[in-house]
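Observations on the model geometry
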Amino acid sequence: MIEQIQLTLRARPRGIHLVTDEILRGLPSLPLKGLVNVFVHHTSCGLAINESYDPDVRHDLEAVLDRLVPENEPGMLHTLEGADDMPAHAKAVLSGVSLVIPISNHRLALGTWQGIYLCEYRNDGGPRRITITIIGK
Amino acid sequence: MIEQIQLTLRARPRGIHLVTDEILRGLPSLPLKGLVNVFVHHTSCGLAINESYDPDVRHDLEAVLDRLVPENEPGMLHTLEGADDMPAHAKAVLSGVSLVIPISNHRLALGTWQGIYLCEYRNDGGPRRITITIIGK
Amino acid sequence: MIEQIQLTLRARPRGIHLVTDEILRGLPSLPLKGLVNVFVHHTSCGLAINESYDPDVRHDLEAVLDRLVPENEPGMLHTLEGADDMPAHAKAVLSGVSLVIPISNHRLALGTWQGIYLCEYRNDGGPRRITITIIGK
């Protein structure tokens, strides 16, 4: 079976957000085993899998990424869309925009502490469209 | 259906290059829905999905990656293949070498502004071999 | 065909480790063509594909990542699990935890110099559980 759904994640402020539940609620019945792809159709936010328990991890991850790719870096040419835009593009390349997660026993086989992050790199990114594709049997 | 093709991307100078059209031209007819994997068989270049419209984004992304992983960093041991080689390996880990993109309505479901980047991290990387695998129905 | 296996990678010290052979030994017969997903169920280690020949590359990659995300960075909140823990989470986002590799002619279609890295970011991370999912025909 191959199934595909489109979802829109509601607008969130800049930051790292746990969206596991929002994605799980959007999923149809999953096959016994297979793969899920979660893909975000934007260039200034990202998806990642990391610690779901302590919100401090999300705070710290954002701080690390902001330090790695600061705003108003000298030499940048793509500046017309705001100081947060080009750093958002670069961070999206670092974290990626596409996740592949196994399905086992009809469930997303995330580890005990793993959750799905929407990494919102824009100050005002708006709703984010994602496509979820399920391949399994 | 599962289909697989090999392509060679022509040699490009060091930099971030938009290769969406070159990849699309290499694709067979796509299924109604499914997934495409694009995989580059090298260790000193990468693949990424990001802004396809403004070439300045590619310029700036390269500048950010060059700053994050500079050449001639003290303490590096893998130096015999040139000052650009070890940074290229590290950047390839940061951006990745394998993309998964959904297929919807017989088309690659990239977002409006999304394109496929070949991130050429070597000064003279030569042609780059990729394998494209399509799973769908 | 869709097949799925669980493996546990033995505990390794902090560092970048080549685990291609350990993963290949765990694989069943592969289909003619398809995709393999390798997914690690943890939040403080990562998976990557890079140079398999010279161990210096693994040394240097770890040095680059340690410089990009140092321990004891000011402003970090998630500090109770040790100085190596929050950097490990951030590095896991940078490298990722999920690989997709094509299968061609019943083999993993890695490039000549490509190997699979377990990036162990904790000082004492213990054994690491992975799920390998094979889709092909």
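Structure: above.
Everything in this summary refers to the structure shown in the same document.

Cut-offs applied
Residues numbered from 1 in each chain as written. Chains lettered and ligands numbered in written order. Predicted model: local features only at pLDDT ≥ 70, side-chain atom pairs only at ≥ 80, totals over all residues. Heavy atoms only, no water. Helix = DSSP H or I, 4+ residues; strand = E, 2+ residues; numbered from the N terminus. Expected span 1.5 Å × (residues − 1). Buried < 20%, exposed > 50% of the residue type's maximum accessible area, 1.4 Å probe, protein only. Arc of directions from axis to C-beta. Least-squares fit on C-alpha atoms with pLDDT ≥ 70 in both. Contact = heavy atoms within 4.5 Å. Pairing = 2+ DSSP bridges. Axes fitted to C-alpha atoms, helices over the stretch in contact; angles between N-to-C directions. Salt bridge = Lys/Arg side-chain N within 4 Å of Asp/Glu carboxyl O. Polar contact = N/O pair within 3.5 Å; in protein donor to acceptor, adjacent residues only side chain to side chain. 1 Å grid on protein atoms, 1.4 Å probe; cavity = no way out; pocket = protein on both sides within 12 Å on 5 of 7 lines; lining within 4 Å. Points joined across faces, edges and corners; volume = space filled by probe spheres on them. Nonpolar A, V, L, I, M, F, W, Y, C, P; charged D, E, K, R; others polar. Core = buried A, V, L, I, M, F, W, Y, C linked by side-chain atoms within 4.5 Å. Lys, Arg positive; Asp, Glu negative; His and termini not counted. Left-handed = near helix turned anticlockwise from the far one by under 90°.

A look at helix H2 (residues 55-68) of chain C
All names here are of chain C. Across its 14 residues, H2 extends 20 Å between first and last C-alpha, which sits within 8% of the 20 Å expected from 1.5 Å per residue. Among the residues of H2, Val57, Arg58, Asp60, Leu61, Val64, Leu65 and Leu68 are the ones counted as buried. Relative to the axis of H2, the buried residues are bounded by an arc of 170° and lie together on one face.

A closer look at the relation of the copies chain C and chain A
Overlay of chain C on chain A (RMSD 0.0 Å): rotation 120°, translation along the axis 0.0 Å. Between the two chains, the operation in question is that of a three-fold axis. Across chain C, the smallest distance between a C-alpha and the rotation axis is recorded for Leu94(C), namely 3.3 Å. Here only 12% of the interface residues in chain C have copies in chain A that are interface residues too; the copies meet through unlike faces.

Topic: the environment of Arg58(C)
All names here are of chain C. Tracing the sequence through the fold places Arg58 in helix H2. Using a relative accessible area of 16% as the deciding quantity, one classes Arg58 as buried. Sequence-wise, Arg58 and Ile16 are 42 residues apart; in three dimensions their C-alpha atoms are separated by 5.3 Å.

A look at the sheet that holds strand S2 (residues 13-18) of chain B
Residues and elements named next belong to chain B. If you trace the three strands from one edge of the open sheet to the other, you get S2-S7-S4, paired in antiparallel fashion. Bordering the open sheet on either side are S2 and strand S4 (45-51), each of which pairs with just one other strand. Between one strand axis and the next, the sheet turns by 20° as a mean value, whatever way the strands run. Bridge count between S2 and strand S7 (residues 114-124): five bridges; the pairing is antiparallel. From the neighbouring strand, His17 faces S7, where its bridge partner is Leu118. Against the sheet, helix H2 (residues 55-68) makes contact with S2, S4 and S7, and its axis sits at roughly 130° relative to S2, the strand it touches most.

A closer look at the interface of chain C and chain A
Taken together, the contact between chain C and chain A spans 32 residues of the former and 33 residues of the latter. Remark: the boundary between chain C and chain A carries one salt bridge. Inspection of the region where chain C meets chain A yields 14 residue pairs in polar contact (both at pLDDT 80 or more). For the side of chain C that touches chain A, the elements supplying multiple residues, two or more each, are strand S1 (2-9), strand S3 (33-40), helix H3 (85-95), strand S5 (98-104) and strand S8 (128-136) of chain C.

Topic: empty space enclosed by the protein
Taken as a whole and assessed by the stated rule, the structure comprises four cavities of 30 Å³ or more. Considered as a void within the structure, the largest cavity measures approximately 610 Å³ in volume. Forming the walls of the largest cavity are 36 residues, and the residues nearest its centre are Ser98(A), Ser95(B), Ser98(B), Ser95(C) and Ser98(C). When grouped by side-chain class, the residues that make up the lining of the largest cavity number 27 nonpolar, nine polar and no charged.

Topic: the nonpolar core
By size, the foremost hydrophobic cluster in this structure holds 127 residues, and its most contacted members are Ile132(A), Ile132(B) and Ile132(C). The residues touching Ile132(C), leaving out its near neighbours within four places in the chain, are Glu3(C), Gln4(C), Ile5(C), Leu7(C), Ile23(C), Leu27(C), Val36(C), Asn37(C) and Val38(C). Counting 12 residues, the second largest nonpolar core, distinct from the first, contains Leu35(A), Ile2(B), Leu35(C) and Val100(C).

Description of the sheet that holds strand S1 (residues 2-9) of chain A
Residues and elements named next belong to chain A. Strand order in the open sheet formed by five strands is S1-S8-S3-S5-S6, and the pairing between neighbours is antiparallel. Every other strand in the sheet has two partners, leaving S1 and strand S6 (107-108) as the edge strands with one partner each. Here two bridges tie strand S5 (residues 98-104) to S6, and the two strands are oriented antiparallel to one another. Bridge pairing in S6 places Ser104 opposite Arg107.

Focus on the relation of the copies chain A and chain B
Expressed as a screw operation, the relation of chain A to chain B combines 0.0 Å of axial shift with a rotation of 120°, fitting to an RMSD of 0.0 Å. A different interface surface on each copy is seen, since only 12% of the contact residues of chain A are contact residues in chain B too.

Some points on the pairing of strand S5 (residues 98-104) of chain B
Residues and elements named next belong to chain B. Burial analysis of S5 places six of its seven residues in the buried class, which makes it a mostly covered element. By the bridge criterion, seven bridges tie strand S3 (residues 33-40) to S5 in an arrangement that is antiparallel. Residue Phe39 lies in a different strand from S5, and its bridge partner there is Ser98.

Points about the side chain of Arg58(B)
Buried within the structure, Arg58(B) lacks any salt-bridge partner; Glu51(B) is the closest side chain of opposite charge, at an N-O distance of 5.7 Å. Filtering out sequence-adjacent residues up to four positions away, Arg58(B) remains in contact with Ile16(B), Leu18(B), Glu51(B), Ser52(B) and Tyr117(B).

What about the packing of helix H2 (residues 55-68) of chain A against H3(C)?
H3(C) packs onto H2(A) with a crossing angle of 65° between their chain directions and a minimal axis gap of 10 Å. Between H2(A) and H3(C) lies a crossing of right-handed hand. Here Val57(A), Asp60(A), Leu61(A), Val64(A), Leu65(A) and Leu68(A) of H2(A) come into contact with H3(C), specifically with Met86(C), His89(C), Ala90(C), Val93(C) and Leu94(C). Partitioning the contact of H2(A) with H3(C) into residue classes produces nine nonpolar, one polar and one charged.

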